[in-house]
Amino acid sequence: MAKIDIRRPHGRSQTEAQAAIERAADKLGGEFGLACSCAADGAVNFERSGVNGSIRADENDVHVKVELGFLASAMKPVIEKEIRRHLDEQFG
């Protein structure tokens, strides 16, 4: 099982960062067919067959964690590149 773990500083208020991770999750969800949900702690969790993970923002950075199943592992570079691109759009 492959893993993706990305941390990025954001320099925004917690409210702005939360809105940005929700927008990024929505875009990634549409692109990769992910079901997204907001957790009580502010994280946005996402999943589909072979993929699950979360995006969370604290006061200093954004943290994306993804676990890829066997078949999705072959697409790890593509998935990681798209996550980084969406983070750049929201936090660039």
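Cut-off values and rules
- Residues numbered from 1 in each chain as written.
- Predicted model: local features only at pLDDT ≥ 70, side-chain atom pairs only at ≥ 80, totals over all residues.
- Heavy atoms only, no water.
- Pairing = 2+ DSSP bridges.
- Helix = DSSP H or I, 4+ residues; strand = E, 2+ residues; numbered from the N terminus.
- Axes fitted to C-alpha atoms, helices over the stretch in contact; angles between N-to-C directions.
- Contact = heavy atoms within 4.5 Å.
- Buried < 20%, exposed > 50% of the residue type's maximum accessible area, 1.4 Å probe, protein only.
- Polar contact = N/O pair within 3.5 Å; in protein donor to acceptor, adjacent residues only side chain to side chain.
- Disulfide = S-S within 2.5 Å.

(A) Spotlight on the sheet that holds strand E2 (residues 35-38). Reading across the sheet, the five strands line up as E1-E5-E4-E3-E2 and stay open at both edges, with antiparallel pairing between neighbours. Every other strand in the sheet has two partners, leaving strand E1 (2-9) and E2 as the edge strands with one partner each. Each adjacent strand pair in this sheet contributes to an overall mean axis angle of 10 degrees, direction not counted. When strand E3 (residues 44-48) meets strand E4 (residues 51-57), the two strands line up antiparallel, connected through five bridges. Across the sheet, Phe46 pairs through a bridge with Gly53, a residue of E4. This element, helix H1 (residues 14-32), spans E2, E3, E4 and strand E5 (61-68) of the sheet and lies at about 160 degrees to E4. The strands touched by helix H3 (residues 76-91) within the sheet are E1 and E5, with E1 carrying the most contacts at an inclination of about 20 degrees.

(B) Up close: the side chain of His10. As for its placement among the helices and strands, His10 is situated in the loop between E1 and H1. For His10, a relative accessible area of 9% translates into the label buried. A distance of 2.7 Å separates the side chain of His10 from the backbone oxygen of Asp58, its partner in a polar contact.

(C) Quick look at the state of the cysteines. This model, assessed by the stated rule, comprises zero disulfides. Not part of a disulfide, Cys36 finds its nearest cysteine sulfur in Cys38, a span of 8.4 Å. The class of Cys38 is exposed, set by a relative accessible area of 54%.

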